[in-house]
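Take a look at the letters that make up each chain.
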Amino acid sequence: MAAALIGLGAGTAGATGWPPLQEGGYLYAGSDGTGTVTTVDLDDLGTCHTPSGGTSLSVQIVSGSSSVVVYSGTGCTGASWASGSLAQSNLPWAALSYRVVPA
């Protein structure tokens, strides 16, 4: 997994200016890991949350056991997108809510 982290961090961060990969889950109000950061509590499985920045446009997660599902609507409604347990990605739309699920 360390090699995967190094490869993902070097390839993606250098190309787009993402923050360095670090263990945990983070939602960003801007694209490419910019703007207000919402730190995701990866131990709070199933609870619906609203990002602290109001909406999120990108996600970074490094976890061996959890992933984040973001939703286009409030209250974890609307279209959904799942991060997987190792991700650094711009979201397909502005996420208004999220929940942590087992990976």
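Conventions used here
Sequence order as written defines residue numbering, which begins from 1 separately in each chain. Per-residue local features are limited, in this predicted model, to residues with pLDDT of at least 70; the limit for side-chain atom pairs, both in listing and counting, is 80 or more; totals at the level of whole chains, interfaces and linings are taken over all residues. Side-chain figures throughout are based on the complete set of non-hydrogen atoms in the structure, without hydrogens or water. Numbering goes from the N terminus for both helices and strands, where a helix is a DSSP run of H or I of at least four residues and a strand is a run of E of at least two. Nitrogen and oxygen atoms within 3.5 Å of one another constitute a polar contact, given that in protein one can donate a hydrogen and the other can accept it, and given that sequence-neighbouring residues count only through two side-chain atoms. Contacts: residue pairs with any heavy atoms within 4.5 Å of one another. Strand pairing requires that DSSP identify at least two bridges connecting the strands. For helices, the axis comes from a line fit to the C-alpha atoms of the stretch in contact; other axes are also lines fit to C-alpha atoms, and the angle between any two N-to-C directions lies between 0 and 180 degrees. Stacked, edge-to-face and tilted are the three classes for Phe, Tyr and Trp ring pairs, Trp counted by its six-membered ring, which pair at centre distances within 6.5 Å; planes under 30 degrees apart are stacked, over 60 edge-to-face, the rest tilted. In this scheme, a residue with accessible area under 20% of its type's maximum is buried, one over 50% is exposed, and one in between is partly exposed, where area comes from a 1.4 Å probe on protein chains only.

Asks: Could you give me a rundown of the side chain of Ser63, with the residues and numbers involved?
Replies: Assignment of secondary structure puts Ser63 in the loop between β3 (56-62) and β4 (66-71). A polar side-chain atom of Ser63 sits 3.0 Å from the main-chain amide nitrogen of Ser66. The residues touching Ser63, leaving out its near neighbours within four places in the chain, are Leu42 and Ser85.

Asks: Account for the sheet that holds strand β5 (residues 80-82), with residues named and values stated.
Replies: Adjacent strands of a sheet pair through backbone hydrogen bonds, lying either parallel or antiparallel. Pairing in this open sheet of three strands is antiparallel, and the strands run β5-β4-β7 from one edge to the other. Each of the sheet's edge strands pairs with one partner strand only, and the pair in question is β5 and β7 (97-102). Averaged over neighbouring strand pairs, the angle between their axes works out to 25° when direction is ignored. Note that β4 and β7 share six bridges and pair antiparallel. Bridge assignment links Tyr71 to a residue of β7, and that residue is Ser97.

Asks: Hey, could you go over the sheet that holds strand β2 (residues 37-40) for me, with residue numbers and the actual values?
Replies: As summarised here, the arrangement of the four strands in space is β2-β1-β3-β6, forming an open sheet in which the pairing is antiparallel. Taken across any chain shown, the strands that pair with only one partner, and hence form the sheet edges, are β2 and β6 (86-95). Adjacent strand axes in the sheet meet at a mean angle of 20°, parallel and antiparallel pairs treated alike.

Asks: An account of the packing of aromatic side chains is requested, with residue identities and associated values reported.
Replies: In this description, a pair of aromatic rings is defined by centroid distance and the angle of the planes. Evaluated as defined, the whole model comprises one aromatic pair. With a centroid separation of 6.3 Å and an interplanar angle of 80°, the aromatic rings of Trp18 and Tyr28 are classed as edge-to-face. Taken together, the residues span a long stretch of sequence, with Trp18 in the loop between α1 (2-16) and β1 (24-28) and Tyr28 in strand β1 at a distance of ten residues. The exposure class assigned to Trp18 is buried, which follows from its relative accessible area of 7%. Taking the relative accessible area as the measure of exposure, Tyr28 reaches 3% and is therefore buried.

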